[in-house]
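# A structural walkthrough
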Amino acid sequence: MTTAVVVGSGPNGLAGAVTLALAGVQVTVLEAADAPGGGTRSTEATVPGVLHDECSGFHPLAIDTAFSRSVDLTAAGLNWGWPDVEYSHPLDGGDGAAALRDVDRTASALGADGATYRRIFGPLDDRFDLIAQEFLQPVLHVPKYPLALGRFGVGAGLPAAAIAKLYRAPQAKALWAGVAAHAFRPLGSLASSAIGLALGTAAHRYGWPVAIGGSQAISAAMIRVLEQHGGTVKTGVTVRSLAQVRRETGADIVLLDTSPTAAVRIIGDDALPPHVRRAFERFRHGPGAFQVAFAVEGGVPWQHEPSRRAGTVHLGGTFEQIAAAEKDVARGRMPKRPFVLLGQQYLADPARSSGDVHPIDAYAHVPAGYDGDATELIIAQIERFAPGFRDRVVGMTTRSTGQIAADNANFIGGDIVTGANDPLQLVFRPRPTLNPYATGVDGVYLCSAATPPGAGAHGMCGYGAAQAALAAIGAAR
Ligand SMILES: Cc1cc2nc3c(=O)[nH]c(=O)nc-3n(C[C@H](O)[C@H](O)[C@H](O)COP(=O)(O)OP(=O)(O)OC[C@H]3O[C@@H](n4cnc5c(N)ncnc54)[C@H](O)[C@@H]3O)c2cc1C
(Lines give C-alpha, C1' and ligand atoms only; values in the text may rest on other atoms or scores of the structure.)
Protein backbone atom coordinates (compact mmCIF):
# COMPACT_ATOMS: atom_id res chain seq x y z
CA MET A 1 0.00 0.00 0.00
CA THR A 2 1.27 3.48 -0.86
CA THR A 3 1.92 5.58 2.24
CA ALA A 4 2.07 9.35 2.69
CA VAL A 5 3.00 11.88 5.32
CA VAL A 6 1.50 15.36 5.19
CA VAL A 7 3.44 18.00 7.14
CA GLY A 8 0.94 20.56 8.44
CA SER A 9 -2.82 20.29 8.96
CA GLY A 10 -3.98 23.57 7.44
CA PRO A 11 -6.90 23.33 5.00
CA ASN A 12 -4.47 22.55 2.18
CA GLY A 13 -2.61 19.87 4.11
CA LEU A 14 -5.92 18.26 5.05
CA ALA A 15 -7.39 18.55 1.54
CA GLY A 16 -4.22 16.90 0.21
CA ALA A 17 -4.47 14.20 2.88
CA VAL A 18 -8.15 13.53 2.09
CA THR A 19 -7.47 13.39 -1.65
CA LEU A 20 -4.68 10.85 -1.15
CA ALA A 21 -6.73 8.82 1.33
CA LEU A 22 -9.69 8.66 -1.08
CA ALA A 23 -7.28 7.23 -3.66
CA GLY A 24 -6.35 4.42 -1.26
CA VAL A 25 -3.14 5.90 0.17
CA GLN A 26 -2.39 5.34 3.88
CA VAL A 27 -1.96 8.92 5.22
CA THR A 28 -0.49 10.38 8.42
CA VAL A 29 -0.71 14.13 9.03
CA LEU A 30 1.88 15.69 11.36
CA GLU A 31 0.98 19.07 12.86
CA ALA A 32 3.28 21.33 14.90
CA ALA A 33 0.51 23.06 16.86
CA ASP A 34 -1.46 21.45 19.67
CA ALA A 35 -4.67 21.67 17.65
CA PRO A 36 -5.17 20.79 13.98
CA GLY A 37 -6.56 23.11 11.34
CA GLY A 38 -3.90 25.78 10.67
CA GLY A 39 -5.78 28.82 9.36
CA THR A 40 -9.15 27.20 10.13
CA ARG A 41 -8.97 27.10 13.91
CA SER A 42 -11.66 28.65 16.13
CA THR A 43 -11.40 29.47 19.83
CA GLU A 44 -13.23 31.25 22.65
CA ALA A 45 -10.52 33.91 22.45
CA THR A 46 -12.26 36.65 24.44
CA VAL A 47 -15.09 35.56 26.70
CA PRO A 48 -16.26 32.01 27.55
CA GLY A 49 -19.04 30.93 25.20
CA VAL A 50 -18.14 33.47 22.49
CA LEU A 51 -16.57 31.69 19.50
CA HIS A 52 -14.01 33.47 17.31
CA ASP A 53 -12.32 32.37 14.11
CA GLU A 54 -8.58 32.58 14.70
CA CYS A 55 -7.87 33.16 10.98
CA SER A 56 -10.18 32.49 8.04
CA GLY A 57 -13.79 33.54 8.50
CA PHE A 58 -15.43 33.70 5.03
CA HIS A 59 -15.23 31.10 2.31
CA PRO A 60 -16.60 32.21 -1.06
CA LEU A 61 -14.07 30.16 -3.00
CA ALA A 62 -14.55 26.93 -1.03
CA ILE A 63 -18.14 26.35 -2.09
CA ASP A 64 -17.78 24.87 -5.56
CA THR A 65 -14.35 23.50 -6.43
CA ALA A 66 -12.89 20.32 -7.84
CA PHE A 67 -12.01 19.41 -4.24
CA SER A 68 -15.45 20.19 -2.77
CA ARG A 69 -17.00 18.11 -5.55
CA SER A 70 -14.65 15.19 -4.84
CA VAL A 71 -15.74 14.68 -1.23
CA ASP A 72 -19.02 15.12 0.64
CA LEU A 73 -17.98 17.41 3.49
CA THR A 74 -21.63 18.14 4.31
CA ALA A 75 -22.10 14.47 5.19
CA ALA A 76 -19.02 14.87 7.41
CA GLY A 77 -20.64 17.75 9.30
CA LEU A 78 -19.71 20.93 7.37
CA ASN A 79 -22.58 23.37 6.87
CA TRP A 80 -22.45 26.94 5.58
CA GLY A 81 -24.37 30.00 6.73
CA TRP A 82 -24.83 33.26 4.83
CA PRO A 83 -25.31 36.79 6.17
CA ASP A 84 -27.96 39.10 4.62
CA VAL A 85 -25.27 41.37 3.20
CA GLU A 86 -22.08 39.73 1.89
CA TYR A 87 -19.79 42.70 2.53
CA SER A 88 -20.27 46.38 3.22
CA HIS A 89 -18.29 49.56 3.20
CA PRO A 90 -19.32 52.37 5.56
CA LEU A 91 -18.27 55.93 4.81
CA ASP A 92 -18.24 58.94 7.14
CA GLY A 93 -21.59 60.23 8.38
CA GLY A 94 -23.58 56.99 7.98
CA ASP A 95 -23.14 56.80 4.21
CA GLY A 96 -21.72 53.72 2.46
CA ALA A 97 -22.31 50.86 0.04
CA ALA A 98 -22.97 47.14 0.23
CA ALA A 99 -22.53 44.02 -1.89
CA LEU A 100 -25.51 41.67 -1.90
CA ARG A 101 -25.76 38.17 -3.34
CA ASP A 102 -27.51 39.63 -6.39
CA VAL A 103 -25.59 41.78 -8.92
CA ASP A 104 -28.68 43.76 -9.95
CA ARG A 105 -29.73 44.61 -6.41
CA THR A 106 -26.15 45.62 -5.58
CA ALA A 107 -25.95 47.75 -8.72
CA SER A 108 -29.36 49.39 -8.17
CA ALA A 109 -28.26 50.73 -4.79
CA LEU A 110 -25.24 52.40 -6.44
CA GLY A 111 -27.39 54.94 -8.37
CA ALA A 112 -25.55 56.48 -11.30
CA ASP A 113 -22.73 53.92 -10.96
CA GLY A 114 -25.12 50.97 -11.14
CA ALA A 115 -24.76 50.48 -14.88
CA THR A 116 -20.96 50.44 -14.66
CA TYR A 117 -21.10 47.97 -11.75
CA ARG A 118 -23.41 45.71 -13.77
CA ARG A 119 -21.10 45.97 -16.81
CA ILE A 120 -18.08 44.88 -14.74
CA PHE A 121 -19.57 42.16 -12.55
CA GLY A 122 -22.61 40.97 -14.58
CA PRO A 123 -20.72 39.09 -17.34
CA LEU A 124 -18.25 37.63 -14.82
CA ASP A 125 -21.12 36.48 -12.60
CA ASP A 126 -22.79 34.75 -15.57
CA ARG A 127 -19.67 32.68 -16.27
CA PHE A 128 -18.13 32.49 -12.82
CA ASP A 129 -18.39 28.71 -12.41
CA LEU A 130 -16.21 28.30 -15.51
CA ILE A 131 -13.87 31.17 -14.61
CA ALA A 132 -13.32 29.80 -11.09
CA GLN A 133 -12.52 26.35 -12.48
CA GLU A 134 -9.80 28.00 -14.56
CA PHE A 135 -8.16 30.15 -11.88
CA LEU A 136 -8.42 27.61 -9.07
CA GLN A 137 -5.59 25.65 -10.69
CA PRO A 138 -2.05 26.40 -11.88
CA VAL A 139 -2.02 29.20 -14.45
CA LEU A 140 0.10 27.22 -16.92
CA HIS A 141 -2.55 24.87 -18.29
CA VAL A 142 -4.59 24.50 -21.46
CA PRO A 143 -7.80 26.37 -20.56
CA LYS A 144 -11.08 24.52 -21.02
CA TYR A 145 -12.98 27.81 -21.12
CA PRO A 146 -10.59 30.27 -22.80
CA LEU A 147 -13.24 32.91 -23.54
CA ALA A 148 -14.50 33.08 -19.98
CA LEU A 149 -10.93 33.11 -18.66
CA GLY A 150 -9.96 35.79 -21.19
CA ARG A 151 -12.80 38.05 -20.06
CA PHE A 152 -11.67 37.71 -16.44
CA GLY A 153 -7.99 38.10 -17.37
CA VAL A 154 -8.51 41.45 -19.12
CA GLY A 155 -9.85 43.07 -15.95
CA ALA A 156 -7.63 41.11 -13.57
CA GLY A 157 -4.46 42.47 -15.16
CA LEU A 158 -5.48 46.08 -14.48
CA PRO A 159 -4.51 48.18 -11.47
CA ALA A 160 -7.49 48.46 -9.11
CA ALA A 161 -7.13 52.24 -9.45
CA ALA A 162 -7.97 51.96 -13.18
CA ILE A 163 -11.27 50.20 -12.42
CA ALA A 164 -12.05 52.75 -9.68
CA LYS A 165 -11.83 55.50 -12.33
CA LEU A 166 -14.79 53.95 -14.16
CA TYR A 167 -17.02 54.89 -11.21
CA ARG A 168 -18.20 58.42 -10.48
CA ALA A 169 -19.39 58.44 -6.85
CA PRO A 170 -17.32 57.73 -3.72
CA GLN A 171 -19.67 54.91 -2.64
CA ALA A 172 -18.98 52.62 -5.63
CA LYS A 173 -15.28 53.48 -5.63
CA ALA A 174 -15.03 52.65 -1.92
CA LEU A 175 -16.95 49.37 -2.30
CA TRP A 176 -14.42 48.36 -4.95
CA ALA A 177 -11.44 49.53 -2.85
CA GLY A 178 -12.50 47.29 0.04
CA VAL A 179 -12.75 44.10 -1.98
CA ALA A 180 -9.67 44.89 -4.11
CA ALA A 181 -7.56 45.54 -0.98
CA HIS A 182 -7.84 41.84 -0.05
CA ALA A 183 -4.89 41.48 -2.45
CA PHE A 184 -2.58 43.15 0.12
CA ARG A 185 -1.17 45.18 -2.80
CA PRO A 186 -0.92 48.90 -3.61
CA LEU A 187 -4.12 49.63 -5.55
CA GLY A 188 -2.18 51.39 -8.31
CA SER A 189 -0.07 48.31 -9.08
CA LEU A 190 -0.50 45.99 -12.05
CA ALA A 191 -2.94 43.09 -11.55
CA SER A 192 -4.14 44.50 -8.21
CA SER A 193 -7.69 43.96 -9.56
CA ALA A 194 -7.38 40.17 -9.85
CA ILE A 195 -8.33 39.21 -6.30
CA GLY A 196 -11.01 41.91 -6.00
CA LEU A 197 -12.70 40.75 -9.20
CA ALA A 198 -12.58 37.11 -8.07
CA LEU A 199 -13.87 37.76 -4.55
CA GLY A 200 -16.35 40.43 -5.70
CA THR A 201 -17.87 38.12 -8.30
CA ALA A 202 -17.82 35.19 -5.87
CA ALA A 203 -19.93 37.31 -3.48
CA HIS A 204 -22.64 37.36 -6.16
CA ARG A 205 -22.27 33.77 -7.33
CA TYR A 206 -21.69 31.95 -4.01
CA GLY A 207 -21.98 34.61 -1.31
CA TRP A 208 -19.36 34.96 1.41
CA PRO A 209 -20.45 32.14 3.73
CA VAL A 210 -19.19 31.21 7.19
CA ALA A 211 -18.81 27.65 8.49
CA ILE A 212 -21.51 26.87 11.04
CA GLY A 213 -19.74 26.19 14.34
CA GLY A 214 -16.67 28.21 13.35
CA SER A 215 -14.09 27.68 10.62
CA GLN A 216 -12.79 24.79 12.73
CA ALA A 217 -15.78 22.89 11.27
CA ILE A 218 -13.97 22.89 7.89
CA SER A 219 -10.92 21.07 9.24
CA ALA A 220 -13.05 18.87 11.53
CA ALA A 221 -15.05 17.62 8.51
CA MET A 222 -11.88 16.89 6.55
CA ILE A 223 -10.34 15.05 9.52
CA ARG A 224 -13.53 12.99 9.87
CA VAL A 225 -13.29 11.89 6.21
CA LEU A 226 -9.58 11.23 6.55
CA GLU A 227 -10.11 9.02 9.60
CA GLN A 228 -12.97 7.18 7.87
CA HIS A 229 -10.39 6.25 5.22
CA GLY A 230 -7.79 5.03 7.66
CA GLY A 231 -5.76 8.25 8.00
CA THR A 232 -4.55 9.86 11.23
CA VAL A 233 -3.56 13.33 12.46
CA LYS A 234 -0.84 13.73 15.10
CA THR A 235 -0.55 17.15 16.75
CA GLY A 236 2.38 18.68 18.64
CA VAL A 237 4.91 17.30 16.11
CA THR A 238 7.17 19.84 14.40
CA VAL A 239 8.80 18.27 11.36
CA ARG A 240 12.36 19.49 10.90
CA SER A 241 13.81 17.08 8.38
CA LEU A 242 12.62 15.06 5.42
CA ALA A 243 15.30 12.46 6.09
CA GLN A 244 13.82 11.94 9.55
CA VAL A 245 10.24 11.63 8.21
CA ARG A 246 11.29 9.11 5.59
CA ARG A 247 13.46 7.15 8.04
CA GLU A 248 10.72 6.96 10.67
CA THR A 249 7.72 6.39 8.40
CA GLY A 250 9.11 5.12 5.10
CA ALA A 251 6.48 7.30 3.39
CA ASP A 252 6.36 7.10 -0.41
CA ILE A 253 4.74 10.54 -0.71
CA VAL A 254 5.40 13.65 1.41
CA LEU A 255 3.22 16.76 1.10
CA LEU A 256 4.57 19.90 2.75
CA ASP A 257 1.89 22.35 3.89
CA THR A 258 4.66 24.83 4.67
CA SER A 259 6.22 27.99 3.30
CA PRO A 260 8.81 27.48 0.53
CA THR A 261 11.62 28.60 2.87
CA ALA A 262 10.58 26.03 5.48
CA ALA A 263 10.52 23.44 2.69
CA VAL A 264 14.17 24.26 1.95
CA ARG A 265 15.07 23.66 5.60
CA ILE A 266 13.02 20.46 5.85
CA ILE A 267 14.15 18.90 2.56
CA GLY A 268 17.72 20.02 3.09
CA ASP A 269 20.31 21.51 0.77
CA ASP A 270 21.70 18.18 -0.38
CA ALA A 271 18.46 16.78 -1.69
CA LEU A 272 16.87 19.89 -3.21
CA PRO A 273 17.91 20.71 -6.80
CA PRO A 274 19.82 24.04 -6.69
CA HIS A 275 17.41 25.86 -9.06
CA VAL A 276 14.43 24.91 -6.84
CA ARG A 277 16.28 25.91 -3.68
CA ARG A 278 17.14 29.31 -5.21
CA ALA A 279 13.52 29.85 -6.31
CA PHE A 280 12.13 28.86 -2.89
CA GLU A 281 14.61 31.12 -1.09
CA ARG A 282 13.62 34.01 -3.35
CA PHE A 283 9.89 33.51 -2.66
CA ARG A 284 8.53 36.90 -1.58
CA HIS A 285 6.27 37.33 1.44
CA GLY A 286 3.65 40.04 1.62
CA PRO A 287 2.71 42.59 4.30
CA GLY A 288 1.41 41.54 7.70
CA ALA A 289 -1.78 41.60 9.70
CA PHE A 290 -2.46 42.81 13.23
CA GLN A 291 -5.53 41.13 14.72
CA VAL A 292 -7.98 42.11 17.43
CA ALA A 293 -10.80 39.82 18.57
CA PHE A 294 -13.56 41.71 20.39
CA ALA A 295 -16.49 40.49 22.47
CA VAL A 296 -19.12 43.18 21.94
CA GLU A 297 -22.32 43.59 23.91
CA GLY A 298 -25.20 44.35 21.55
CA GLY A 299 -22.98 44.19 18.42
CA VAL A 300 -21.29 47.09 16.61
CA PRO A 301 -23.49 50.23 16.43
CA TRP A 302 -22.85 50.99 12.75
CA GLN A 303 -24.32 54.25 11.47
CA HIS A 304 -24.53 52.73 7.99
CA GLU A 305 -27.57 50.43 8.27
CA PRO A 306 -26.49 47.67 5.79
CA SER A 307 -23.26 47.24 7.77
CA ARG A 308 -25.37 46.02 10.70
CA ARG A 309 -26.38 43.06 8.48
CA ALA A 310 -23.02 42.45 6.76
CA GLY A 311 -20.79 39.43 7.36
CA THR A 312 -17.69 41.42 6.42
CA VAL A 313 -17.26 45.16 6.87
CA HIS A 314 -14.38 46.94 5.11
CA LEU A 315 -13.09 49.97 7.02
CA GLY A 316 -10.82 52.68 5.77
CA GLY A 317 -13.04 55.31 4.15
CA THR A 318 -12.76 56.39 0.56
CA PHE A 319 -10.91 54.70 -2.28
CA GLU A 320 -8.18 57.33 -2.02
CA GLN A 321 -7.76 56.82 1.75
CA ILE A 322 -7.52 53.05 1.39
CA ALA A 323 -5.13 53.36 -1.55
CA ALA A 324 -2.89 55.64 0.55
CA ALA A 325 -2.95 53.19 3.49
CA GLU A 326 -2.08 50.21 1.28
CA LYS A 327 0.74 52.16 -0.37
CA ASP A 328 2.20 52.99 3.06
CA VAL A 329 2.00 49.35 4.15
CA ALA A 330 3.77 48.16 0.98
CA ARG A 331 6.55 50.69 1.67
CA GLY A 332 6.95 49.44 5.23
CA ARG A 333 5.27 52.45 6.89
CA MET A 334 2.43 51.98 9.39
CA PRO A 335 -0.51 54.12 8.22
CA LYS A 336 -2.36 56.24 10.81
CA ARG A 337 -5.65 55.06 9.32
CA PRO A 338 -5.02 51.46 8.23
CA PHE A 339 -7.34 49.35 6.12
CA VAL A 340 -9.31 47.12 8.52
CA LEU A 341 -11.37 44.02 7.72
CA LEU A 342 -14.01 43.22 10.29
CA GLY A 343 -15.94 39.95 10.53
CA GLN A 344 -19.41 39.59 12.02
CA GLN A 345 -19.70 35.84 11.45
CA TYR A 346 -22.28 35.51 14.21
CA LEU A 347 -24.89 37.15 11.95
CA ALA A 348 -24.83 33.98 9.83
CA ASP A 349 -24.16 31.64 12.77
CA PRO A 350 -25.87 33.05 15.88
CA ALA A 351 -24.75 30.16 18.12
CA ARG A 352 -21.28 31.75 18.20
CA SER A 353 -22.60 34.47 20.53
CA SER A 354 -23.30 34.18 24.24
CA GLY A 355 -26.61 35.91 24.91
CA ASP A 356 -26.21 39.46 23.59
CA VAL A 357 -22.38 39.31 23.58
CA HIS A 358 -21.10 38.78 20.04
CA PRO A 359 -17.70 37.84 18.54
CA ILE A 360 -16.13 40.43 16.23
CA ASP A 361 -12.91 39.44 14.43
CA ALA A 362 -10.91 42.35 13.02
CA TYR A 363 -7.49 42.77 11.48
CA ALA A 364 -5.56 45.64 9.95
CA HIS A 365 -3.11 45.49 7.09
CA VAL A 366 0.29 46.44 8.54
CA PRO A 367 3.86 46.34 7.23
CA ALA A 368 5.60 42.94 7.21
CA GLY A 369 6.96 42.18 10.68
CA TYR A 370 5.37 45.35 12.17
CA ASP A 371 6.27 45.25 15.85
CA GLY A 372 4.02 48.05 17.13
CA ASP A 373 0.55 47.83 18.64
CA ALA A 374 -2.25 48.64 16.15
CA THR A 375 -5.10 48.02 18.63
CA GLU A 376 -6.00 51.70 19.09
CA LEU A 377 -5.79 52.39 15.33
CA ILE A 378 -8.21 49.53 14.68
CA ILE A 379 -10.61 50.72 17.39
CA ALA A 380 -10.43 54.26 15.96
CA GLN A 381 -11.40 53.00 12.48
CA ILE A 382 -14.40 51.13 13.94
CA GLU A 383 -15.41 54.03 16.20
CA ARG A 384 -15.24 56.37 13.16
CA PHE A 385 -18.18 54.55 11.56
CA ALA A 386 -19.80 53.22 14.74
CA PRO A 387 -19.61 55.86 17.49
CA GLY A 388 -20.03 54.26 20.92
CA PHE A 389 -18.40 50.97 19.84
CA ARG A 390 -15.64 51.21 22.45
CA ASP A 391 -18.14 51.31 25.34
CA ARG A 392 -19.71 48.03 24.20
CA VAL A 393 -16.48 46.01 24.27
CA VAL A 394 -16.53 43.50 27.13
CA GLY A 395 -13.53 41.39 26.11
CA MET A 396 -10.59 41.69 23.75
CA THR A 397 -7.44 39.84 22.68
CA THR A 398 -4.81 40.87 20.16
CA ARG A 399 -2.29 39.07 17.95
CA SER A 400 0.71 40.96 16.57
CA THR A 401 2.53 39.94 13.39
CA GLY A 402 5.07 38.15 15.61
CA GLN A 403 2.40 36.20 17.49
CA ILE A 404 0.63 35.25 14.26
CA ALA A 405 3.94 33.89 12.91
CA ALA A 406 4.67 32.10 16.19
CA ASP A 407 1.25 30.41 16.11
CA ASN A 408 1.69 29.30 12.49
CA ALA A 409 5.12 29.10 10.84
CA ASN A 410 3.55 29.63 7.39
CA PHE A 411 2.58 33.25 8.20
CA ILE A 412 6.10 34.70 8.03
CA GLY A 413 6.20 38.29 9.36
CA GLY A 414 2.42 38.11 9.83
CA ASP A 415 1.89 37.44 6.09
CA ILE A 416 -1.49 35.73 6.38
CA VAL A 417 -1.71 34.97 2.65
CA THR A 418 1.58 32.97 2.55
CA GLY A 419 3.26 34.94 -0.22
CA ALA A 420 3.01 38.35 -1.83
CA ASN A 421 0.38 38.65 -4.54
CA ASP A 422 2.68 40.56 -6.89
CA PRO A 423 1.98 39.94 -10.61
CA LEU A 424 4.71 37.32 -10.98
CA GLN A 425 3.74 35.31 -7.90
CA LEU A 426 0.05 35.70 -8.70
CA VAL A 427 0.74 33.79 -11.90
CA PHE A 428 3.72 31.61 -10.96
CA ARG A 429 3.74 30.52 -7.37
CA PRO A 430 5.99 29.32 -5.89
CA ARG A 431 8.16 29.36 -9.08
CA PRO A 432 7.69 29.37 -12.86
CA THR A 433 7.25 25.70 -13.81
CA LEU A 434 4.65 23.39 -15.33
CA ASN A 435 4.32 21.47 -12.05
CA PRO A 436 4.30 24.12 -9.29
CA TYR A 437 3.74 21.51 -6.56
CA ALA A 438 6.88 19.51 -7.39
CA THR A 439 10.02 20.16 -5.37
CA GLY A 440 12.36 18.29 -7.68
CA VAL A 441 12.71 15.55 -5.04
CA ASP A 442 10.94 12.28 -5.88
CA GLY A 443 7.62 11.98 -4.06
CA VAL A 444 7.92 15.33 -2.24
CA TYR A 445 5.45 18.12 -2.99
CA LEU A 446 4.68 21.58 -1.65
CA CYS A 447 0.93 21.95 -0.99
CA SER A 448 0.48 25.17 1.00
CA ALA A 449 -1.08 28.47 -0.03
CA ALA A 450 2.34 29.33 -1.49
CA THR A 451 1.27 27.12 -4.43
CA PRO A 452 -1.62 27.67 -6.90
CA PRO A 453 -4.25 28.93 -6.57
CA GLY A 454 -2.94 30.76 -3.48
CA ALA A 455 -4.41 31.93 -0.19
CA GLY A 456 -7.76 30.91 1.22
CA ALA A 457 -9.27 27.99 3.07
CA HIS A 458 -10.49 26.30 -0.14
CA GLY A 459 -8.10 23.35 -0.05
CA MET A 460 -7.33 23.61 -3.76
CA CYS A 461 -3.54 23.84 -3.27
CA GLY A 462 -3.60 20.58 -1.32
CA TYR A 463 -5.90 18.98 -3.86
CA GLY A 464 -3.59 20.04 -6.73
CA ALA A 465 -0.48 18.76 -4.95
CA ALA A 466 -2.15 15.42 -4.14
CA GLN A 467 -3.24 15.06 -7.77
CA ALA A 468 0.36 15.73 -8.88
CA ALA A 469 1.61 13.09 -6.41
CA LEU A 470 -0.98 10.55 -7.57
CA ALA A 471 -0.24 11.26 -11.25
CA ALA A 472 3.45 10.58 -10.60
CA ILE A 473 2.64 7.10 -9.27
CA GLY A 474 0.04 6.52 -11.98
CA ALA A 475 -2.91 6.65 -9.61
CA ALA A 476 -4.62 10.01 -10.38
CA ARG A 477 -8.34 9.94 -9.73
C1 LIG B 1 -6.42 36.73 10.29
C2 LIG B 1 -6.64 35.89 9.07
C3 LIG B 1 -7.80 36.03 8.35
C4 LIG B 1 -8.02 35.24 7.22
N5 LIG B 1 -9.23 35.34 6.57
C6 LIG B 1 -9.52 34.45 5.59
C7 LIG B 1 -10.84 34.35 5.09
O8 LIG B 1 -11.76 35.03 5.55
N9 LIG B 1 -11.08 33.43 4.11
C10 LIG B 1 -10.10 32.60 3.63
O11 LIG B 1 -10.38 31.76 2.75
N12 LIG B 1 -8.83 32.67 4.10
C13 LIG B 1 -8.52 33.56 5.08
N14 LIG B 1 -7.27 33.57 5.62
C15 LIG B 1 -6.20 32.82 4.96
C16 LIG B 1 -6.28 31.33 5.22
O17 LIG B 1 -6.39 31.07 6.60
C18 LIG B 1 -5.01 30.68 4.67
O19 LIG B 1 -4.80 31.05 3.33
C20 LIG B 1 -5.12 29.16 4.74
O21 LIG B 1 -5.26 28.74 6.08
C22 LIG B 1 -3.89 28.52 4.13
O23 LIG B 1 -3.99 27.13 4.31
P24 LIG B 1 -2.69 26.20 4.30
O25 LIG B 1 -3.17 24.84 4.51
O26 LIG B 1 -1.89 26.52 3.11
O27 LIG B 1 -1.79 26.66 5.53
P28 LIG B 1 -2.11 27.02 7.01
O29 LIG B 1 -3.55 27.12 7.26
O30 LIG B 1 -1.25 28.17 7.30
O31 LIG B 1 -1.62 25.74 7.83
C32 LIG B 1 -0.29 25.32 7.86
C33 LIG B 1 -0.17 24.36 9.02
O34 LIG B 1 1.09 23.70 8.95
C35 LIG B 1 1.66 23.66 10.22
N36 LIG B 1 3.11 23.55 10.05
C37 LIG B 1 3.91 24.45 9.43
N38 LIG B 1 5.19 24.02 9.47
C39 LIG B 1 5.17 22.81 10.10
C40 LIG B 1 6.18 21.87 10.43
N41 LIG B 1 7.46 22.06 10.13
N42 LIG B 1 5.82 20.73 11.07
C43 LIG B 1 4.52 20.48 11.39
N44 LIG B 1 3.53 21.36 11.10
C45 LIG B 1 3.86 22.51 10.45
C46 LIG B 1 1.22 24.95 10.87
O47 LIG B 1 1.28 24.86 12.30
C48 LIG B 1 -0.21 25.06 10.36
O49 LIG B 1 -1.12 24.40 11.21
C50 LIG B 1 -7.03 34.32 6.78
C51 LIG B 1 -5.86 34.17 7.52
C52 LIG B 1 -5.67 34.91 8.67
C53 LIG B 1 -4.45 34.67 9.51
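Just so you know, these numbers come straight off a predicted model, no measurement behind them. Just so you know, the residues in each chain are numbered from 1, in the order the chain's sequence is written. In keeping with the predicted nature of the model, local features appear solely for residues at pLDDT of at least 70, side-chain atom pairs appear and are counted solely at 80 or more, and the whole-chain, interface and lining totals rest on all residues. For the side-chain quantities, the full set of heavy atoms in the structure was used; hydrogens and water were omitted.

## Thoughts on the sheet that holds strand β14 (residues 357-366)
Defined as follows: Should DSSP find at least two bridges between two strands, the strands are taken to pair. Here a helix means four or more residues in a row that DSSP labels H or I, a strand means two or more in a row labelled E, and each is numbered from the N terminus. Convention adopted: a line fitted to C-alpha atoms gives each axis, helices being fitted over their contacting stretch, and angles between N-to-C directions are expressed from 0 to 180 degrees.
Taking strand neighbours across the sheet as the criterion, the 7 strands line up as β7-β6-β12-β13-β14-β11-β15 in an open arrangement whose pairing is mixed. Since the sheet does not close on itself, it has two edges, and those belong to β7 (96-99) and β15 (393-399), each with one partner. Each strand axis lies, on average, 20 degrees off the axis of its neighbour in the sheet, ignoring direction. Where strand β11 (residues 288-297) lies against β15, 6 bridges are found, and the strand directions are antiparallel.

## Brief notes about the pattern of salt bridges
Note the threshold: The term salt bridge refers to a pairing of a side-chain nitrogen on Lys or Arg with a carboxyl oxygen on Asp or Glu at a separation within 4 Å. Each residue's exposure class comes from its accessible area (1.4 Å probe, protein chains only) as a fraction of the maximum for that residue type: buried when under 20%, exposed when over 50%, partly exposed otherwise.
For the structure on display, the rule yields 14 salt bridges. In this structure, D64 engages R69 in a salt bridge whose closest nitrogen and oxygen atoms are separated by 2.8 Å. Judged by relative accessible area, D64 falls into the partly exposed class, the value being 24%. A salt bridge links D422 to R284; the shortest N-O distance between them is 2.7 Å. Highlighted residues: D422 in the loop between α17 (401-407) and α18 (423-427) and R284 in the loop between α13 (274-282) and β11, separated in sequence by 138 residues. Exposure remark for R284: the relative accessible area of 34% places this residue in the partly exposed category. Residues joined by salt bridges that share partners form a network here, namely D53, D349 and R352.

## Some thoughts on the sheet that holds strand β10 (residues 253-256)
To keep things clear, this is the line we draw: The contact rule is simple, with two residues in contact once any of their heavy atoms fall within 4.5 Å.
Read across the open sheet, the 5 strands follow the order β9-β2-β1-β10-β16; overall the sheet is parallel. The open sheet has two edge strands, β9 (232-234) and β16 (444-446), and neither has a second partner. Between one strand axis and the next, the sheet turns through 20 degrees on average, direction left out of account. Taken together, the 4 bridges between strand β1 (residues 3-7) and β10 define a ladder with parallel strand orientation. Looking at β10, one finds that V7 is bridged to L256. Together, β10 and β16 form the strand contacts of helix α19 (residues 460-472), whose direction differs from that of β16 by roughly 160 degrees.

## A look at the site of the ligand
For the record, the criterion: One heavy atom suffices: a residue is near a molecule or strand as soon as one of its heavy atoms comes within 4 Å of it. Polar contacts, as counted here, are pairs of nitrogen or oxygen atoms within 3.5 Å of one another; within protein the pair requires one atom able to donate a hydrogen and one able to accept it, and residues that are adjacent in sequence qualify only if both atoms are side-chain atoms. Accessibility throughout is a Shrake-Rupley quantity obtained with a 1.4 Å probe, and a residue counts as covered only by protein chains that appear here. Each residue gets one label: Ala, Val, Leu, Ile, Met, Phe, Trp, Tyr, Cys and Pro are nonpolar, Asp, Glu, Lys and Arg are charged, and the others, such as Gly, are polar.
By nearness alone, 34 residues border the ligand, and E31, G39, F58, N408 and G456 come closest of all. Interatomic distance of 2.7 Å between a backbone N/O atom of F58 and a nitrogen atom of the ligand. In isolation the ligand exposes 1,000 Å². Once the protein is present, 92% of that is buried. Of all the elements, helix α1 (residues 11-22) adds the most residues to the shell around the ligand, at 3 residues. In terms of residue class, the shell around the ligand is built from 15 nonpolar, 16 polar and 3 charged.

## A look at the layout of surface pockets
Put simply, the test is: Each cavity reported here is a set of points on a 1 Å grid over the protein atoms alone in which a 1.4 Å probe fits but cannot get out, each pocket an open set with protein on both sides within 12 Å along at least five of seven lines, and each lining residue one with an atom within 4 Å of a point. Grid points are joined across faces, edges and corners, and a volume is the space filled by probe spheres set on the points.
Of the voids in this model, the second largest pocket is the one considered here, and its volume is about 360 Å³. Forming the walls of the second largest pocket are 21 residues, and the residues nearest its centre are Q133, L136, Q137, P138 and M460. Those elements giving two or more residues to the lining of the second largest pocket turn out to be α2 (66-70), α5 (128-135) and α19. Broken down by class, the residue content of the lining of the second largest pocket amounts to 11 nonpolar, 6 polar and 4 charged.

## Side note on empty space enclosed by the protein
Per the stated rule, a full pass over the model turns up 2 cavities of 30 Å³ or more. There is about 50 Å³ of room inside the largest cavity. Looking at the lining of the largest cavity, its residues break down into 8 nonpolar, 1 polar and 2 charged. Within this model, the second largest cavity holds a volume of roughly 30 Å³.

Note that all results are geometric; they support no functional claim without further evidence.
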